[in-house]
Amino acid sequence: MKKYILIILAVAFITMLPLFTSDYKSSHDTKFHLANIDSLTEQIEKDFFNPSKIVGNIGNDFGYGTNLFYPPLSHYVASYINVVIDNPVISVEIVYFISLFLSGISMFLLSKALSKNDYIGLISAIIYMLFPYHLSDIYIRDAIGESLLFIFLPLILLGLYELFNDNNKKFYIFFVIGYVGGILSHLTMMTYFTALILIFLIFKYKKSIKYIKQFVIASIFILAITSPFLVTLLQQKLLGNYNVFVEGVMVQGTWGNALNILKYIMIGDKWGTGETRFYIDLIVLILLFLTLKKYKQYNNKYYNYILIFGIISLILSSKLFPWDLLPKSLRIIQFPWRFVTFVSLSISVLAPLCISKFNDKKMLSIILIIFMVLLAQPNLKQATNEVIDINNLEYWYGLGYQKEYLPVNTANNLDYYDNRNHDIIIKEGETNIEIIDNDVPYLEFKVDNNVTVELPRIYYIGYTLLDENNNKISFYENEYGFIETKLGSGTYKLDFTGTKYDELAKIVSIISIVGFGVFVWRKK
């Protein structure tokens, strides 16, 4: 297997070389990610093992809560790398290289397990890595979370395969790691992926019931391990009022992008532009045609399931599916063409099956890899020519396109938010105010009279306000989405500590990770 890993590594290196050797250009989501990664890095430098989820710089330096809502894996991995190398751009490039390489490894494992053929597994891996939409996620969209998702989807399917072949230990390893990584990479896509998996399990209900115990145990581990993210997100949803949860907000300016089904065969479409590519490469189309032509010869029920999964995903990505008839809450995927991720998964598994009918599989594989790498070259160009200057990051992009992680009250009063200074504003009463320390999210200040004040912090669930005797002081969200409180004379400290449920979730997650390791180790 070592030589196949080296080939996958070489292809990942060649594919990423243009990104490493040229100036980093601004693509669709570049400035959002870099602003958040650089800001999170500052919090990690303050507290390496427990950085604040509220960051400065973004949100006019009032403390912004991207990390309370956004799946953390991509930003945290890049930020911890950035702590070491002090360059957010190179940190992102390293994450992309790792994700591309590991996505090839995970697909190789899945395809090899299904086909029992190393060469088919290898070609599946290369197709998956070089799929034009996958490369667009890196070079055009700069969708770092989605690119990480490519690692974990094959592992989930591999876990299901192992389960239905009564290999419980491998099921737990692949399924739990796949789901944990997927949830922490892109929760929305994982929600739709889970819906498709559930349809399959319901369809195969007799077999699914047989393994209900394994599914329950795996689900408990998945939810427990990811609980620090999920519990925080749930609290913001239930106890706060934030733009991201308002129906329709996340589809503003993004909807109506379902594909014409012919996009899949428009080879070379969008070459030389800053637009996302959805087509299937010529070599892959030929392989897929040869496989489907003799499909009955590949007598494997799992291929049938993956074929159906791919067809459903293709329809969901296209104008054939009546997305506009669905409630806006079911359109949070924003772009129906995101289902191309699932289509690429299916095609990568199925297309190389025809290789089994050739005698010299080794030479054929070499030729196919060379041609696929060459055909991928036009897709290794970023969306614009605007060079990123890491010394002058535009932090306001870190808010997100819809400013989705602001409180609704702030989003509805953007003029106030844009023009507010960083003073503590007196709402009622008269007092002298001394700001002792203002280091987002931390704020220490002193007042000398009874007063109602608005603090220069956006309201998020998880802040704690203490007086000089460490007694908790109540506060609330005001009409502008800022923290407001009634105080007497004294010194006060505001900090984002998280809630007691956040602390509990961290403990549960750590125990669950250790417990999962022991559980798997003891499994036969």
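Here's what I pulled together on the structure shown here. (Residues numbered from 1 in each chain as written. Predicted model: local features only at pLDDT ≥ 70, side-chain atom pairs only at ≥ 80, totals over all residues. Heavy atoms only, no water.)

### With respect to the overall build of the protein chain
The secondary structure content of the protein chain amounts to 20 helices and eight strands. Expressed as lengths along the three principal axes of its C-alpha atoms, the size of the protein chain is roughly 90 × 55 × 45 Å. By residue count, 56% of the 524 residues in the protein chain fall in the buried class. Sequence separation of at least 24 residues holds for 76% of the intrachain contacts in the protein chain that already meet a minimum separation of 6. Accessible area for the protein chain stands at about 23,000 Å²; split by element, carbon and sulfur atoms hold 61% of it. (Helix = DSSP H or I, 4+ residues; strand = E, 2+ residues; numbered from the N terminus. Buried < 20%, exposed > 50% of the residue type's maximum accessible area, 1.4 Å probe, protein only. Contact = heavy atoms within 4.5 Å. Areas by Shrake-Rupley, 256 points an atom, 1.4 Å probe, with all protein chains shown as cover.)

### What to know about the side chain of S317
With respect to the helices and strands, S317 occurs in the loop between α15 (301–316) and α16 (340–350). Setting aside residues no more than four positions away along its own chain, S317 makes contact with A258, L259, Y264, P336, W337, F339 and V340.

### As for the sheet that holds strand β3 (residues 442–447)
With antiparallel pairing, the four strands of this open sheet are ordered in space as β2-β3-β8-β5. Here the strands that pair on one side only, and so sit at the sheet edges, are β2 (433–439) and β5 (463–466). Across this sheet, the average inter-strand angle for adjacent strands is 15 degrees, counted without regard to direction. Two elements, β3 and strand β8 (residues 490–496), share five bridges in a ladder whose sense is antiparallel. Paired with E444 across the strands is K493, a residue of β8. (Pairing = 2+ DSSP bridges. Axes fitted to C-alpha atoms, helices over the stretch in contact; angles between N-to-C directions.)

### Notes on the pairing of β2
Two faces, one strand: in a regular strand the side chains alternate between the faces of the sheet. Here six bridges tie β2 to β3, and the two strands are oriented antiparallel to one another. If you follow D437 over to β3, its bridge partner there is E444. Hairpin geometry of β2 and β3 is characterised by an intervening segment of two residues between the two adjacent antiparallel strands.

### Let's talk about a negative patch on the surface
Together, E42, E45, D61 and D86 give the surface a local cluster of negative charge. Within the element layout of this structure, E45 appears in helix α2 (residues 30–46). When its relative accessible area of 53% is taken as the criterion, E45 is described as exposed. (Patch = residues over 30% accessible without salt bridge, like charges linked within 9 Å, V, L, I, M, F, W, Y side chains within 5 Å. Salt bridge = Lys/Arg side-chain N within 4 Å of Asp/Glu carboxyl O. Lys, Arg positive; Asp, Glu negative; His and termini not counted. Charge placed at Lys NZ, Arg CZ, Asp CG, Glu CD.)

### Section: unusual backbone geometry
With an omega of 5 degrees, the peptide bond between V440 and P441 qualifies as cis. Phi is positive for D86, close to 55 degrees, though the residue is something other than glycine. Looking at where D86 falls in the secondary structure, it is placed in the loop between α4 (73–85) and α5 (88–115). Its identity as a non-glycine residue notwithstanding, Q334 has a phi of 70 degrees, on the positive side.

### Examining the sheet that holds strand β1 (residues 425–428)
Sheet architecture is open: four strands sit in the order β1-β4-β7-β6, paired in antiparallel fashion. The sheet terminates laterally at β1 and β6 (476–477), the two strands that pair on one side only. Here β6 runs beside strand β7 (residues 482–487); their pairing, made up of two bridges, is antiparallel. Residue pairing for β7: E477 is matched across the bridge by I483.

### Re the packing of aromatic side chains
What the rule picks out here adds up to 45 aromatic pairs. On the basis of an interplanar angle of 75 degrees and a centroid distance of 5.0 Å, the ring pair of Y161 and Y302 is categorised as edge-to-face. Of this pair, Y161 sits in helix α8 (residues 144–164) while Y302 sits in helix α15, and the two are 141 residues apart along the sequence. On the numbers, 5.6 Å between centres and 75 degrees between planes, the contact of F339 with F342 is edge-to-face. Of the two residues examined, F339 and F342, each falls in the buried class. Aromatic rings pair up to connect F171, Y172, F175, Y179, F215, F221, F516 and F519 into one cluster. Taking the ring centre of F482 as reference, the NZ or CZ of R420 above it sits at 5.1 Å. (Phe/Tyr/Trp six-rings, centres within 6.5 Å; stacked < 30°, edge-to-face > 60°. Lys NZ or Arg CZ within 6 Å of the ring centre and 35° of its normal.)

### Topic: the environment of L187
In this fold, L187 is placed in helix α10 (residues 187–203). Distance in space between the C-alpha atoms of L187 and Y395 is 24 Å, their sequence separation being 208 residues. Beyond its immediate chain neighbours, meaning those up to four positions away, L187 contacts P71, G182, F229, L230 and L233.

### Observations concerning the packing of helix α6 (residues 118–130) against helix α7 (residues 132–139)
Between α6 and α7, the shortest axis-to-axis distance is 5 Å and the interhelical angle comes to 45 degrees. When the interaxial angle is binned, α6 and α7 end up oblique. Side by side, α6 and α7 meet where Y128, M129 and L130 of the first sit next to P132, H134 and L135 of the second. Class assignment for the residues of the contact of α6 with α7 results in five nonpolar, one polar and no charged. (Parallel < 35°, antiparallel > 145°, perpendicular 65-115°, else oblique. Nonpolar A, V, L, I, M, F, W, Y, C, P; charged D, E, K, R; others polar.)

### Notes on the nonpolar core
F193 and Y460 are the most contacted members of the largest nonpolar core, which totals 163 residues. Looking at this core element by element, the count peaks at 15 residues for α8. When neighbours within four sequence positions are excluded, Y460 is seen to be in contact with I54, G63, Y64, G65, L68, F69, Q236, Y242, Y405, L406, P407 and F496. (Core = buried A, V, L, I, M, F, W, Y, C linked by side-chain atoms within 4.5 Å.)

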